[in-house]
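Here is how the chains run, residue by residue.
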Amino acid sequence: MKVRPLADRVLVKRIEEEEVKKSGIIIPDTAKEKPQRGEVIAVGPGRLDEKGQRVPMEVKVGDKILFSKYAGNEVKIEGEEYLIMREDDILAVIEE
Amino acid sequence: MKVRPLADRVLVKRIEEEEVKKSGIIIPDTAKEKPQRGEVIAVGPGRLDEKGQRVPMEVKVGDKILFSKYAGNEVKIEGEEYLIMREDDILAVIEE
Amino acid sequence: MKVRPLADRVLVKRIEEEEVKKSGIIIPDTAKEKPQRGEVIAVGPGRLDEKGQRVPMEVKVGDKILFSKYAGNEVKIEGEEYLIMREDDILAVIEE
Amino acid sequence: MKVRPLADRVLVKRIEEEEVKKSGIIIPDTAKEKPQRGEVIAVGPGRLDEKGQRVPMEVKVGDKILFSKYAGNEVKIEGEEYLIMREDDILAVIEE
Amino acid sequence: MKVRPLADRVLVKRIEEEEVKKSGIIIPDTAKEKPQRGEVIAVGPGRLDEKGQRVPMEVKVGDKILFSKYAGNEVKIEGEEYLIMREDDILAVIEE
Amino acid sequence: MKVRPLADRVLVKRIEEEEVKKSGIIIPDTAKEKPQRGEVIAVGPGRLDEKGQRVPMEVKVGDKILFSKYAGNEVKIEGEEYLIMREDDILAVIEE
Amino acid sequence: MKVRPLADRVLVKRIEEEEVKKSGIIIPDTAKEKPQRGEVIAVGPGRLDEKGQRVPMEVKVGDKILFSKYAGNEVKIEGEEYLIMREDDILAVIEE
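Let me begin by describing the structure that accompanies this report. Remember, predicted model here, so these are calculated numbers, not experimental data.

So, about unusual backbone geometry. Located in the positive-phi region is E78 of chain A, a residue other than glycine, with phi close to 50°. Position of E78 of chain A among the secondary structure elements: in the loop between β5 (73-77) and β6 (80-86). Residue classification places E78 of chain A among the exposed residues on the basis of a relative accessible area of 60%. Residues other than glycine seldom take positive phi values, yet A7 of chain E does so here, at roughly 50°.

Right, here's the structure in full:
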């Protein structure tokens, strides 16, 4: 199954970080905030500007991104949770 | 009876997913969230841009789509429930 | 008495549907939701776009329409109830 | 005293309708809703569009109009109550 | 001291009306609503439109005006109370 | 230390007025409203319009201004309190 | 790890000021307000204007800035706290 986002939307998979406290104790999953980090899985064609032309997207498939806490719509695809957000909800690309 | 959506609106029929928990127990209908998946039944001609020209629609009849949780207006046509939403409330097209 | 809507407004008369439950029992009027279906009685000349030109209306007198639940202003004309709404509150035209 | 509305504003005098219940009993003034019908007393020159040109008004002095329930600002001029509203708050012109 | 309003702002002095009830009894000051009538004391140069040109003001110093109930900012200049409001908050000019 | 406001922002120092009641009694500082009067300390280069050109500022360093009650962000610079506000929050320039 | 902000966003590191009361007593960290001062760590390419062209950024890496109290999204990168904000949330650049 392939998901093709519309306009300037992006399909994102959260990256579950190994979040370890300074003491070395691993925080149980229920106590953790949902990560604001993800990987771009699919990218829309871009929104149309006022002249009817596509605005090219700044992110591409595979990019690791940071997004704002309440960004996007949660969707479940084949049992897996994803987010679909507008590119404007993406704060930054992480280059490692 | 035929429903012709206006402007950039889309007539959508929800797809009732067979939602089965990992344990294999089927969730009764009353406990399920309404699906955010549907099929496009009819498509408007597109909205007019600032120059008075139609912006072509990105979805077409028969497309399987994902939409945001509170998208659209519920309408009942010949006893059946449908949603009429703006194309902008559609998150993605699913290609299977 | 003739009512001439301004700009992109439309005068609508609700269509009282014969709403019969599956059991065949007719729902008394007080328990029914107001129908979201109506007939277009009068149509404005269209709104002016940014260049000062009329945007032609998509609906015409006699059209059967679906509109969103809280669309329009209720007005009473010669004892009869009508709705005056913007064309943008009309979801679709029904062709029978 | 003459009142000259600015931009796209209109000075309106409510028309007190003879509102008689079906039983023939006249509703006392305190129990009546304020009428949404009025007569245009004065008309502004029209708003300026983005190019700095006046958008001509669609209503003229003497027009009988329908307006939305919470339209306009109430003002008292020489002891009489009037409404000053934007033309966009006028729903329709009544032609008798 | 001279006050020069910026952009499309207007300096206004409320006109304290002699408000006399029909019975002839003068309403004490504390029971009166603040008047919505004023005199234009100073006028800004007008706002800049999208092309960077001044939109000429429709009111001038000395005009008697009607304004909406919650228009403007109250300011005290040399012990006197004034209002500074945008021209768009002025409803009409009164010509006596 | 020099503060250079961005875009159409202005750095303002409140002017503490000698506020004396009619009886001649000086109001203690805690009972006074914060003054809405200030002096312009620094001025941004102006905002960019839709064509990417700077809109020239209407105020300049040293101007005495009136501003609306909740205008701007309070900032502390070297122990002193200032306000940084957009030029649009400035109501008028005072010329003495 | 490198963070590349999108559009007109800026990655900022708060500057922890040595905040000493007049009495010379140092305020403990828990009682302090978070500083509204920071250093620019990374800068986006600028937003696209209506014609699809980049609007150049006014701040650059290394700039010391003042920002409004609730500006930006808090993000944690390699255990360190940062803010990602739009350039429009930056009030001023501090030159020392």
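The rest of the description comes next.
Further remarks concern the relation of the copies chain E and chain D. Between chain E and chain D, the superposition needs a rotation of 51° and an axial shift of 0.0 Å, giving an RMSD of 0.0 Å. When the interface residues of chain E are mapped onto chain D, a mere 6% of them are again interface residues, pointing to distinct binding faces.

What follows deals with the side chain of R37 of chain B. With respect to the secondary-structure elements, R37 of chain B resides in strand β3 (residues 37-43). On the accessibility criterion, R37 of chain B (14% relative accessible area) is buried.

Before going further, it helps to spend a moment on the environment of E80 of chain C. Residue and element names in this part refer to chain C. Examined against the element boundaries, E80 turns out to sit in strand β6 (residues 80-86). Once the C-alpha coordinates of E80 and K13 are considered, the two residues, 67 residues apart in sequence, prove to be 8.9 Å apart. In this structure E80 touches K13 and V75, once residues within four positions along its chain are discounted. At a separation of 3.5 Å, a polar atom in the side chain of E80 contacts the side chain of K13.

What follows is about the packing of aromatic side chains. What the rule picks out here adds up to zero aromatic pairs over all chains. Directly above the aromatic system of Y82 of chain F lies the positively charged group of K13 of chain F, at a separation of 5.1 Å from the ring centroid.

So, on to the interface of chain E and chain D. With 18 residues of chain E at the interface, the matching set in chain D holds 19 residues. Approximately 1,700 Å² of surface area, both sides summed, lies buried where chain E meets chain D, with 48% of it carried by carbon and sulfur atoms. For chain E, the biggest contributors to the area lost against chain D are E58, L91 and E95 of chain E; these three give 38% of the whole. The interface formed by chain E and chain D includes four salt bridges. For R54 of chain D, the salt bridge goes to E58 of chain E, with nearest N and O atoms at 3.6 Å. Applying the counting rule to chain E against chain D returns eight residue pairs in polar contact (both at pLDDT 80 or more). Of the residues in the side of chain E that touches chain D, the class split is eight nonpolar, two polar and eight charged. Sheet analysis places strand β1 (residues 2-5) of chain D next to strand β7 (residues 90-95) of chain E, joined by four bridges and oriented antiparallel. Opposite R4 of chain D, over in β7 of chain E, you have V93 of chain E as the bridge partner.

About the criteria used
Residues numbered from 1 in each chain as written. Chains lettered and ligands numbered in written order. Predicted model: local features only at pLDDT ≥ 70, side-chain atom pairs only at ≥ 80, totals over all residues. Heavy atoms only, no water. Helix = DSSP H or I, 4+ residues; strand = E, 2+ residues; numbered from the N terminus. Buried < 20%, exposed > 50% of the residue type's maximum accessible area, 1.4 Å probe, protein only. Least-squares fit on C-alpha atoms with pLDDT ≥ 70 in both. Contact = heavy atoms within 4.5 Å. Polar contact = N/O pair within 3.5 Å; in protein donor to acceptor, adjacent residues only side chain to side chain. Phe/Tyr/Trp six-rings, centres within 6.5 Å; stacked < 30°, edge-to-face > 60°. Lys NZ or Arg CZ within 6 Å of the ring centre and 35° of its normal. Buried area = accessible area lost by both parts, 1.4 Å probe. Salt bridge = Lys/Arg side-chain N within 4 Å of Asp/Glu carboxyl O. Nonpolar A, V, L, I, M, F, W, Y, C, P; charged D, E, K, R; others polar. Pairing = 2+ DSSP bridges.

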